[in-house]
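A look at the structure
Spelled out, the chains give:
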Amino acid sequence: MGIFGRKKNQPSVAGLDIGGGTRLHVEASPAEIKRIAKDMRRRAEAGDVEAMGHLGRILEYQGKAAEAVLWHRQAAAGGEVESAVWLAGRLVAQGQHQQAVEYLRIAVQGGYLPAAFNLGALLLAQDEHSEEGARWMLRAAESGHQKAIEYLGLDMAKLRAARESVATDVAEAERGDAAAAHRAAMNLLDLAEGEEAERWLDVAARGGIADAAWELALRLRDRGETGRALELLEQAGRGGRAGAAKLAGLWLYEDGDPAGAVPLLRRAVQEGEHLITPILGAALSAAGDLDGAEAVLRPAAEAGDWQAQFNLLSVLQQQAARTGAQPSEEMWDLLGRASLGVHADAQGRLDAGKPEQAAALLRVAARAGDPAAQRSLAKVLLAMDPNDPEGREWRRRSGGGS
């Protein structure tokens, strides 16, 4: 997610500004406090949200923390901001960050903007790509919160210009300018205003902007609206956006619809996306067309594509199983060449200091039944974590012990 560049400093939980504690101004005698507490309890039990918060603060003052928490929870559920902030601070101190997030949402939605930095920091600590976290962090920065400004590395003049640009483009979009709708949407995405951005992406897509259709498709896919996303990809492809057929085919294949994926993947290969030939072969095989899969995979396998080699091996094994034939010399040759290929690629990743990528490559071959890849995958995983259960399982499968 981009908000005018990269984040400069990752805020830690220790750097939060969450307050909390007693906000009760005590100027009454103990007897008077007791009378007030009794009155607040009566009102709170009758459903008065404000009284619930006041009662919680009185109970804090009296040292009755457990009961104070109960009343603060009820008050926060009713939208009482101070109770929500108090609970968030208490939960952060206890390490219960996810619950703290829920109370901070109540606080900021109730208009307590100082909680925006804290909410943004917690959300971004959980997921550095959190759009909601970025949005709240940005709002904190715009309110003048120095830590938020430093975290985002913001040029406030640039931010103000972006807001003005959005307003101008929205005004033009409302008069039917699809290109302006697209510009507004992309700026809104940079400002972490995803919901509003999607509105203008839709307007731009309906106005024939292929890149807007593509961007909206990606966002809809992320939240599971694949049907509409595929329609938008088709529209993007018709509008000249490269890669639309490839992406749609991959989505369908991933979602367990190989027959639906095949024509799209074929089109992508015809458009020059030769790197997905192994996936087209796998989709044909999964759809039951073994001869078609072999025809697609064999040229790529002979050209040295190890993924195509593994997939062709799988096809030949399935064909042999249908006829009861024994493994052929070609199958053993394919396994050997594919194993050399995947190991060479994986070694390159290891040499570059990217063991996770090496493991991902070896995992493809290991799952295809390559015992050498299984042994190598076990070594890589266990080197990263000697107690990794997946590493131990691959070591067991490859005959290397438990």
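Please read all numbers here as calculations on a predicted model, not as lab measurements. Numbering of residues begins from 1 in every chain and follows the order in which that chain's sequence is written. Per-residue local features of the predicted model are confined to residues with pLDDT of at least 70, and side-chain atom pairs are confined, for both listing and counting, to 80 or more; whole-chain, interface and lining totals are unaffected and use all residues. Think of the side-chain values as coming from all heavy atoms in the structure, minus any hydrogens and water.

Put simply, DSSP marks the helices as runs of H or I at least four residues long and the strands as runs of E at least two long, and each gets a number from the N terminus on. Looking only at helices and strands, the protein chain features 22 helices and 0 strands. The C-alpha radius of gyration of the protein chain comes to 29 Å, more than 25% above the 21 Å expected for a compact globule of 402 residues. Referenced to the eigenvectors of the C-alpha coordinate spread, the extents of the protein chain come out at roughly 95 × 65 × 40 Å. Exposure is judged per residue with a 1.4 Å probe applied to protein chains only, and the accessible area is read against the type maximum: over 50% gives exposed, under 20% gives buried, and values in between give partly exposed. Taking all 402 residues of the protein chain together, the buried fraction comes to 44%. Here, two residues are considered to be in contact whenever any of their heavy atoms come within 4.5 Å of each other. In the protein chain, the share of contacts with a sequence separation of at least 24, taken over all contacts with a separation of at least 6, comes to 45%. Within the structure as shown, the protein chain displays about 20,300 Å² of accessible surface, and the carbon and sulfur contribution to it stands at 50%. One finds the centroid of the 47 positive side-chain charges in the protein chain at a distance of 5 Å from the centroid of its 57 negative side-chain charges. Each radius of gyration is computed over the set of C-alpha atoms, and the globule rule expresses the reference value as 2.2 Å times the number of residues to the power 0.38. In these tables, accessible area is a Shrake-Rupley quantity obtained with a 1.4 Å probe, and a residue counts as shielded only by the protein chains included in the view. Positive charges come from Lys and Arg alone, negative charges from Asp and Glu alone, with His and the N- and C-terminal ends not counted. In plain terms, the charge of a residue is placed at NZ if it is Lys, CZ if Arg, CG if Asp and CD if Glu.

Attention now moves to the pattern of salt bridges. Where charged atoms from two side chains of opposite charge come close, those side chains can pair. Whenever a carboxyl oxygen of Asp or Glu lies within 4 Å of a side-chain nitrogen of Lys or Arg, that contact is scored as a salt bridge. Within this structure, the stated rule accounts for 31 salt bridges. Taking the shortest distance from any N to any O, the salt bridge between Arg-219 and Glu-131 comes out at 3.0 Å. Of this pair, Arg-219 sits in helix H12 (residues 210-222) while Glu-131 sits in helix H7 (residues 131-142); the two residues are 88 residues apart in sequence, bridging distant segments of the chain. Arg-219 sits in the buried class, given a relative accessible area of 16%. We note a salt bridge from Arg-223 to Glu-198, for which the minimum N-O separation is 2.6 Å. Of this pair, Arg-223 sits in the loop between H12 and helix H13 (226-238) while Glu-198 is found in helix H11 (residues 194-206), placing the two residues 25 residues apart along the sequence.

Here a helix's expected span is defined as the number of its residues, less one, multiplied by 1.5 Å. Over its 13 residues, helix H15 (residues 258-270) extends 18 Å from the first C-alpha to the last, a length consistent with the 18 Å expected when each residue adds 1.5 Å. Looking only at H15, the buried set comprises Pro-258, Ala-261, Val-262, Leu-264, Leu-265, Ala-268 and Val-269. Buried positions along H15 lie against helix H14 (244-254) and helix H16 (277-286). Looking one or two residues beyond H15, the residue adopting positive phi is Gly-272, at roughly 110 degrees.

Let's shift gears to the packing of H13 against H14. Structural elements are reduced to axes, namely lines fitted to C-alpha atoms, with helices fitted over the stretch in contact, and the angle between N-to-C directions of any two is expressed from 0 to 180 degrees. Following both chains from N to C, one finds H13 and H14 inclined at 160 degrees, their axes separated by 8 Å at the closest point. Compared by their axis directions, H13 and H14 come out roughly antiparallel. In this structure, H13 crosses over H14, and the sense of that crossing is left-handed. Judged by residue contacts, Ala-229, Leu-230, Leu-233 and Gly-237 of H13 engage Ala-244, Leu-247, Ala-248, Trp-251 and Leu-252 from H14. By residue class, the composition of the contact of H13 with H14 is 8 nonpolar, 1 polar and no charged. In this scheme, roughly parallel covers angles under 35 degrees and roughly antiparallel covers those over 145, while 65 to 115 is roughly perpendicular and the rest are oblique. Left-handed describes a crossing whose near helix is turned anticlockwise from the far helix by less than a right angle; the clockwise case is right-handed. Any residue that is not Ala, Val, Leu, Ile, Met, Phe, Trp, Tyr, Cys, Pro, Asp, Glu, Lys or Arg is counted as polar, Gly included; the first ten are nonpolar and the last four charged.

The next thing to look at is the packing of helix H18 (residues 306-323) against helix H19 (residues 329-351). Closest axis-to-axis distance for the H18/H19 pair is 8 Å, and the angle between their directions is 155 degrees. When the axis of H18 is compared with that of H19, the two are roughly antiparallel. Remark: the crossing between H18 and H19 carries left-handed chirality. Of the residues in H19, those in contact with Trp-306, Gln-309, Phe-310, Leu-312, Leu-313, Leu-316, Gln-317 and Ala-320 of H18 are Glu-330, Met-331, Leu-334, Leu-335, Arg-337, Ala-338, Ser-339, Gly-341, Val-342 and Asp-345.

Right, let's talk about the packing of aromatic side chains for a bit. Stacked, edge-to-face and tilted labels apply to pairs of Phe, Tyr and Trp rings (six-membered ring for Trp) whose centres lie within 6.5 Å, assigned for plane angles under 30 degrees, over 60, and everything in between, in that order. Evaluated as defined, the whole model comprises 1 aromatic pair. Each ring, one from Trp-306 and one from Phe-310, has its centre 6.1 Å from the other, and the planes form 90 degrees; the classification is edge-to-face. Here the residue Trp-306 and the residue Phe-310 both occupy positions in helix H18, the gap between them amounting to 4 residues, near one helical turn. Its relative accessible area of 6% is what places Trp-306 among the buried residues.

Another aspect to go through is the side chain of Thr-226. You can see Thr-226 is positioned in helix H13. By relative accessible area, Thr-226 is classed as buried at 16%. Setting aside anything within four residues of it in sequence, one finds Thr-226 in contact with Arg-221 and Asp-255.

What follows covers unusual backbone geometry. One non-glycine residue, Ala-192, lies in positive phi territory at about 65 degrees. Along the chain, the position of Ala-192 falls in the loop between helix H10 (178-190) and H11.

Before going further, it helps to examine the environment of Arg-199. Structurally, Arg-199 is set in helix H11. Separated by 14 residues in the primary sequence, Arg-199 and Ala-185 have C-alpha atoms spaced 7.8 Å apart.

Here Arg-221 shows up in helix H12. In protein, a polar contact means a hydrogen-donor-capable atom and an acceptor-capable atom, both N or O and within 3.5 Å, with residues adjacent in sequence counting only if both atoms are side-chain atoms; elsewhere, any N or O pair within 3.5 Å suffices. A polar side-chain atom of Arg-221 sits 3.0 Å from a polar atom in the side chain of Thr-226. A polar side-chain atom of Arg-221 sits 2.6 Å from a polar atom in the side chain of Asp-255.

Looking now at helix H6 (residues 115-126). End to end, H6 covers 17 Å across 12 residues, agreeing with the expected 16 Å (1.5 Å per residue, within 8%). Burial of H6 is extensive: 10 of the 12 residues sit out of reach of the surface. All buried positions along H6 are accounted for by Ala-115, Ala-116, Phe-117, Asn-118, Leu-119, Gly-120, Ala-121, Leu-122, Leu-123 and Leu-124. Buried-residue contacts for H6 involve helix H4 (81-93), helix H5 (97-109), H7 and helix H8 (146-152).

Any link to function would need more than the numbers given here.
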